[in-house]
Amino acid sequence: MRPGQISVNHVSFYYGHEAVLSDISLDIGTGEHIAVLGRSGAGKSTLLHLLAGLLQPSRGSIAIDGGALNNEIGHPVLMFQRPALLPWLSARDNVLLPLHFANAVRLDRAAATAKADGLIAQVGLGERADALPTHLSGGQQQRVALARALASDPAVLLLDEPFSALDQDTRAVLRSDIRALARARGMTLVTVTHDLSDAAALADRIFVLAGAPGRIEREVVLGDNPEDELRAYFAGRRDAA
Ligand SMILES: Nc1ncnc2c1ncn2[C@@H]1O[C@H](COP(=O)(O)OP(=O)(O)OP(=O)(O)O)[C@@H](O)[C@H]1O
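In the annotation of an unreviewed UniProt entry, the chain is listed under the name ATP-binding cassette domain-containing protein and assigned to Pseudolabrys taiwanensis. Looking at the Sequence similarities (unreviewed entry) heading of the UniProt record, one finds this comment for the chain: "Belongs to the ABC transporter superfamily."

The following block contains the structure:
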């Protein structure tokens, strides 16, 4: 069985006494692309941090491929709103960072460098591997961040509003490139966003997170006209996107 199946079972989360998420249950299949859509403060980032293993549920449990989260290769990788590249390192060296952590660079520098260059080419920056982040556009920097995220061969990629700093044209191209890369790798994609068009472009199923504490209120399966379908669904609702 390919890895990347996620089960969220009756998860609730509190920051201190503040209930942020209540009784969240989700089943996400290997290679599936889903989005969680909700307004600011609904608990989207908190849910993603739980899926990444950066926070522990106050109640309930999360399993990846039937087991607890661990740090092995294939562990979910989180991509943030901002690329968060190290400015003194080239694009290539930024992509090599996870391979340093996994000790792959020390074991075989040539193979690790070839892998980083291959990933940089896959995200469309083949000519810019030596460039410093400050010499790259915002969209190009986010592409380097994507290559870095892919360097540890994650079975699950978690996206936290990764396009909000980009213009419409750039984000549209990047969204479709991410989906194509995820499909080619059979990677599970989980996006959290308040943006309807990002959710519609990045997912086949959308879960609406609303209320305080946040609950999954609805599941929308997208058809041929995802944005129209979603806009019709949300018409008149103030608590989502
Ligand atoms: N470290 C923290 N300590 C205490 N409360 C927090 C912490 N992080 C988030 N919160 C609270 O938890 C709630 C959910 O925050 P979260 O960042 O998950 O929402 P969000 O839907 O991702 O919002 P946004 O779209 O604005 O990023 C908010 O009320 C927030 O104030």
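S.K.: Which residues make up the overall build of the chain, and what values do they have?
M.R.: Counting secondary structure elements, the chain contains 8 helices and 9 strands. Here the chain has a C-alpha radius of gyration of 18 Å; the compact-globule value for 241 residues is 18 Å, and the two agree. With respect to the three principal axes, the spread of C-alpha positions in the chain is 50 × 40 × 35 Å. By the burial criterion, 49% of the 241 residues in the chain qualify as buried. Nonlocal contacts in the chain, meaning residues at least 24 apart in sequence, comprise 69% of its contacts between residues at least 6 apart. Split by element, the accessible area of the chain, about 11200 Å² in all, is 50% carbon and sulfur. Placing the 23 positive and 27 negative side-chain charges of the chain at their respective mean positions leaves the two points 3 Å apart.

S.K.: Mind laying out the side chain of serine 22, listing which residues take part and the relevant values?
M.R.: By the secondary structure assignment, serine 22 is in strand E2 (residues 18-28). There is a polar contact of 3.4 Å between the side chain of serine 22 and the side chain of arginine 215. Apart from the residues within four sequence positions on either side, serine 22 is in contact with Val11, Ser12, Pro213, Gly214 and Arg215.

S.K.: Residue-level account of the pairing of E2, with values.
M.R.: As paired strands, strand E1 (residues 6-15) and E2 are joined by 7 bridges and run antiparallel to one another. From the neighbouring strand, valine 11 faces E2, where its bridge partner is isoleucine 24. Where E1 folds back on E2, the antiparallel hairpin that results is connected by 2 residues, among which glycine 16 adopts a positive phi of roughly 60 degrees.

S.K.: Before we move on, could you go through the sheet that holds strand E3 (residues 33-37) and cite the residues and values that matter?
M.R.: Taken in spatial order, the 6 strands make up an open sheet running E5-E6-E7-E3-E8-E9, and their pairing is mixed. Each of the sheet's edge strands pairs with one partner strand only, and the pair in question is strand E5 (77-79) and strand E9 (215-221). For this sheet, the mean inter-axis angle between neighbouring strands, taken without regard to orientation, is 20 degrees. When E5 meets strand E6 (residues 156-160), the two strands line up parallel, connected through 3 bridges. Residue pairing in the sheet places valine 77 in a bridge with leucine 157 of E6.

S.K.: Mind laying out the pattern of salt bridges, listing which residues take part and the relevant values?
M.R.: Using the criterion set out here, one finds 11 salt bridges in the structure. Among the salt bridges present, the one from aspartate 130 reaches arginine 92, with a minimum N-O distance of 2.6 Å. Of this pair, aspartate 130 sits in the loop between helix H4 (109-122) and helix H5 (138-150) while arginine 92 is found in helix H2 (residues 91-101), placing the two residues 38 residues apart along the sequence. Exposure remark for aspartate 130: the relative accessible area of 59% places this residue in the exposed category. What makes arginine 92 buried here is its relative accessible area of 18%.

Procedures and definitions
Residues numbered from 1 in each chain as written. Predicted model: local features only at pLDDT ≥ 70, side-chain atom pairs only at ≥ 80, totals over all residues. Heavy atoms only, no water. UniProt positions renumbered as here; feature names shortened; annotations may be inferred. Helix = DSSP H or I, 4+ residues; strand = E, 2+ residues; numbered from the N terminus. Rg over C-alpha atoms; globule rule 2.2 N^0.38 Å. Buried < 20%, exposed > 50% of the residue type's maximum accessible area, 1.4 Å probe, protein only. Contact = heavy atoms within 4.5 Å. Areas by Shrake-Rupley, 256 points an atom, 1.4 Å probe, with all protein chains shown as cover. Lys, Arg positive; Asp, Glu negative; His and termini not counted. Charge placed at Lys NZ, Arg CZ, Asp CG, Glu CD. Polar contact = N/O pair within 3.5 Å; in protein donor to acceptor, adjacent residues only side chain to side chain. Pairing = 2+ DSSP bridges. Axes fitted to C-alpha atoms, helices over the stretch in contact; angles between N-to-C directions. Salt bridge = Lys/Arg side-chain N within 4 Å of Asp/Glu carboxyl O.

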